[in-house]
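What follows is the residue order along each chain.
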Amino acid sequence: MVGSIEAKSLLSNGSVHHNGLNLEEKLDDFRRLLGKSDKDPLRIVSVGAGAWGSVFSALLQESYGSFRDKFQIRIWRRAGRAVDRETAEHLFEVINSREDILRRLIRRCAYLKYVEARLGDRTLYADEILKDGFCLNMVDTPLCPLKVVTNLQEAVWDADIVVNGLPSTETREVFEEISKYWKERITVPIIISLSKGIETALEPVPHIITPTKMIHQATGVPIENVLYLGGPNIAAEIYNKEYANARICGAEKWRKPLAKFLRQPHFIVWDNSDLVTHEVMGGLKNVYAIGAGMVAALTNESATSKSVYFAHCTSEMIFITHLLAEEPEKLAGPLLADTYVTLLKGRNAWYGQMLAKGEINRDMGDSITGKGMIQGVSAVGAFYQLLSQSSLSILPSEEKKPIAPVESCPILKTLYKILITREQSTQAILQALRDETLNDPRDRIEIAQSHAFYRPSLLGQP
């Protein structure tokens, strides 16, 4: 927990100290970089209150929130989302299993509403419980209390840093609205996107649109002020102080100072200049995580079957990275690490499992109660559409005529038929793995490595 002797201590002058790093000094350094005056606090707002956005806000609140004259953080989410009775009952159990949380709610005169909700005498709302530290997508992991704002204009109009915690499918729409509130701004905000997802555009040439590009297009904020933060991590585990790392990617002007500002003893933040490629890879692993969940459920968690799937899906991802990156080998470690943790415990793998078990169905949509948006579904459609374009055709050595890249990605094709066109059941993922005509995964990697596949236009580069 934050506040433990190992992670945090109090200096004689009252400043918080993190393993040799004075947090107030870190805060002051970053404030000076922004040109903030002594009485002007650093204002951060997280737009979207999913698991990662909520945890990210809570981490910053716990680190810097005690410096009230120098730091403010708030989180925006839409009002009106009711908490269902089953979730309210479970939330009550969580509260009563944690003495520290129970005492905190009683002290804040907030406990009674949870009793009433459990009995069905009151309806709780997602923005209401978030103020008490409960994210609707992860109620089993109580956070610190957060300042919640439901009016978007109030949330963002004077923010120095805006954190995008929205799904990629909502990012453009919300930031187009935000741009209306920034027309009179003098200073340019910094935007950190946590979103992992993509869209595909076919004109003027087929290319990928990432959340950072959506934000840039919607707001006109210079791309050097828009960054991406991602890594192999699970939100609840990061909040519980499991050791983790991430990369903040973007222009050097801001990525290096932000890496220093965001770094904590248990959460190491590195910086990298390759914004778009890391962002795209964050979306790609969600695609194959869904299939991994299906395989796990259909084979009763067979380690052998899961390893066969892993071999095929990683070979497809490597194949795709050769289309997208000039130096794909530099992405191998980050991509595999992010894929590994998502396959183990991510919501996309969970979604695949639940589909295969019949506990949820596609008619329920991509936003699932208690989990949030399953971004891998839209990513399946986007990557399939992109890689199906004849203008991107390749000529593998064994083929007599050019083929679209997707023809070398049977797992992606199968997921598309299961999730998007719905012409096949989840059992099709096993049929794809057992197809005797399926190439050795090594062959796919060798083809990618021996051909000039790189297409800079796919990422919107000249």
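Because the structure is predicted, anything quoted here is derived from the model rather than measured.

**Thoughts on the nonpolar core**
- In this structure, Y288, M294, Y309, Y351, F383, L412 and I429 are the most contacted members of the largest nonpolar core, which totals 60 residues.
- Here the element with the most residues in this core is helix α12 (residues 275–298); it accounts for 11 residues.
- With 46 residues, the next largest nonpolar core counts F71, L143, V148 and L229 among its residues.

**What to know about unusual backbone geometry**
- Of note, the bond from E203 into P204 is cis; its omega dihedral lies within 30 degrees of zero at 0°.
- Its location among the elements puts P204 in the loop between β9 (199–201) and β10 (207–209).
- Notably, K241 is not glycine yet its phi reads approximately 70°, a positive angle.
- Along the chain, K241 falls in the loop between α10 (235–239) and β12 (244–249).
- Positioned with a positive phi, E301 is a non-glycine residue whose angle comes to about 60°.
- Note on placement: E301 falls in the loop between α12 and α13 (303–324).

**Some points on the UniProt feature "domain: Glycerol-3-phosphate dehydrogenase NAD-dependent N-terminal" (unreviewed entry) in the protein chain**
- Here, UniProt's "domain: Glycerol-3-phosphate dehydrogenase NAD-dependent N-terminal" (unreviewed entry) annotation points to residues 146–246.
- Taken as a whole, residues 146–246 contains 33% helix and 24% strand, while its terminal C-alpha atoms sit 23 Å from one another.

**Considering the state of the cysteines**
- Taken as a whole, this structure holds zero disulfides when the rule is applied.
- For C135, which is in no disulfide, the shortest distance to another cysteine sulfur is to C144 and amounts to 12 Å.
- Its relative accessible area of 1% is what places C135 among the buried residues.
- With no disulfide of its own, C313 lies 11 Å from the sulfur of C409, the closest cysteine sulfur.

**Re the packing of α12 against helix α15 (residues 347–357)**
- One way to put it is that α12 packs onto α15 with a least axis distance of 6 Å and a crossing angle of 40°. Classified by the angle their axes make, α12 and α15 are oblique. Here α12 and α15 pass one another in a crossing that is right-handed. Contact residues: N286, A289, I290, G293, M294, A296, A297 and L298 in α12; N348, A349, Y351, G352, Q353, L355, A356 and K357 in α15.
- Partitioned by chemical class, the residues of the contact of α12 with α15 number 10 nonpolar, five polar and one charged.

**Points about the confidence of the model for the protein chain**
- When the pLDDT values of the protein chain are averaged, the result is 89; 93% of them are 70 or greater.
- Every residue in residues 1–16 scores below 50 in pLDDT, and together they form 31 contacts with partners more than four places removed in sequence or on other chains.

**A look at helix α1 (residues 23–33)**
- Along α1, the residues classified as buried are L23, K26, L27, D28, F30 and R31.
- Structurally, the start of α1 carries an N-cap: the backbone nitrogen of E24 is 2.9 Å from a side-chain oxygen of N22.
- Residue G35 follows α1 closely and has a positive phi angle near 75°.

About the criteria used
- Residues numbered from 1 in each chain as written.
- Predicted model: local features only at pLDDT ≥ 70, side-chain atom pairs only at ≥ 80, totals over all residues.
- Heavy atoms only, no water.
- Core = buried A, V, L, I, M, F, W, Y, C linked by side-chain atoms within 4.5 Å.
- Buried < 20%, exposed > 50% of the residue type's maximum accessible area, 1.4 Å probe, protein only.
- Helix = DSSP H or I, 4+ residues; strand = E, 2+ residues; numbered from the N terminus.
- UniProt positions renumbered as here; feature names shortened; annotations may be inferred.
- Disulfide = S-S within 2.5 Å.
- Axes fitted to C-alpha atoms, helices over the stretch in contact; angles between N-to-C directions.
- Parallel < 35°, antiparallel > 145°, perpendicular 65-115°, else oblique.
- Left-handed = near helix turned anticlockwise from the far one by under 90°.
- Contact = heavy atoms within 4.5 Å.
- Nonpolar A, V, L, I, M, F, W, Y, C, P; charged D, E, K, R; others polar.
- pLDDT = per-residue confidence, 0-100.
- Polar contact = N/O pair within 3.5 Å; in protein donor to acceptor, adjacent residues only side chain to side chain.

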